[in-house]
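Examining the three-dimensional arrangement
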Amino acid sequence: SLTQATVVGLAWYRLVKLAEFILFYFYIRTNLLKFNLERLASVVVASGVFQAVIALAQYWRQASLGLRWLGESPLSINTTNVAVIIADGQKYLRVYGTTPHPNVLAAWLLLALCAFYYLFSFSNIFKSRNFLLGNFL
């Protein structure tokens with residue numbers, strides 16, 4: 001398709017990206033069994049808790065926390081292109097955490113919940129369910 005492309009630079013770029021994804025596929029295929037799923041799920045849960053704490057603080061403050069070094073966007077309810085919800089005539093900030101959009105934060109928190117469910121249900125970390133719940137179960 002390089003010979004038929006109207007924009008040759010873009011065609012080369014897409015060919016390089018295709019080669020990159022093919023190499024990434026072979027890397028994942030050969031190293032998949034080397035990953036420790038429990039450790040990965042634990043990291044995702046810890047990151048989700050961290051993002052949730054930042055999001056709660058942003059909601060409480062209705063502005064950014066000044067964590068630009070972590071990738072936090074400059075947020076304010078009066079800034080243009082910032083997601084807000086209007087309820088009862090008052091603006092409320094949709095929290096971003098350190099992600100570029102509130103929907104990305106929601107997806108990450110959902111992934112963290114799924115990872116917590118995996119750890120709680122299938123992992124050896126919570127093998128004895130008395131770890132968190134005492135003798136209630």
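Quick summary incoming for the structure in this document. (Residues numbered from 1 in each chain as written. Predicted model: local features only at pLDDT ≥ 70, side-chain atom pairs only at ≥ 80, totals over all residues. Heavy atoms only, no water.)

Quick notes on the side chain of Gln 51
The test is simple: In DSSP terms, a helix is any run of H or I states spanning at least four residues, a strand is any run of E spanning at least two, and both are numbered starting from the N terminus. Only protein chains enter the calculation, and the probe is 1.4 Å; a residue is then buried if its accessible area is under 20% of its type maximum, exposed if over 50%, and partly exposed in between. Here a residue-residue contact requires only that any non-hydrogen atoms of the pair lie within 4.5 Å.
When you line up the elements, Gln 51 lands in helix 2 (residues 37-61). We classify Gln 51 as buried; its relative accessible area is 8%. Once residues lying within four places of it in the same chain are set aside, the contact partners of Gln 51 are Gly 97, Thr 98, Thr 99, Leu 105, Trp 108 and Leu 109.

Describing the pairing of strand 1 (residues 84-87)
For a regular strand, the rule is simple: side chains alternate between the two faces of the sheet. The line we're drawing: In this description, strands pair whenever DSSP reports at least two bridges between them.
Inspection of the sheet shows strand 1 paired to strand 2 (residues 90-93) by four bridges, in the antiparallel sense. Opposite Val 84, over in strand 2, you have Leu 93 as the bridge partner. Hairpin connection between strand 1 and strand 2: a loop of two residues separates the two successive antiparallel strands, and Asp 88 in this loop has a positive phi of roughly 55°.

A closer look at a nonpolar patch on the surface
For clarity, the threshold we go by: Candidates for patches are residues over 30% relative accessible area with no salt bridge; among them, like charges are joined within 9 Å and nonpolar side chains (Val, Leu, Ile, Met, Phe, Trp, Tyr) within 5 Å. Accessible areas in this description were obtained via Shrake-Rupley with a 1.4 Å probe; residue shielding takes into account the shown protein chains only. Put simply, a salt bridge is a Lys or Arg side-chain nitrogen that is within 4 Å of an Asp or Glu carboxyl oxygen.
Together, Val 8, Trp 12, Leu 15, Leu 18, Ile 22, Tyr 25 and Phe 26 give the surface a local cluster of nonpolar side chains, amounting to about 690 Å² of exposed area. By secondary structure assignment, the location of Trp 12 is in helix 1 (residues 8-31). Relative accessible area serves as the criterion here: at 47%, Trp 12 is assigned to the partly exposed category.

A word on the pattern of salt bridges
Applying the stated rule across the entire model yields one salt bridge. For Glu 20, the salt bridge is made with Lys 17, and the minimal N-O distance between the two is 2.9 Å. Of this pair, Glu 20 and Lys 17 are both found in helix 1, three residues apart, which corresponds to roughly one turn of the helix. Residue classification places Glu 20 among the partly exposed positions, given a relative accessible area of 41%.

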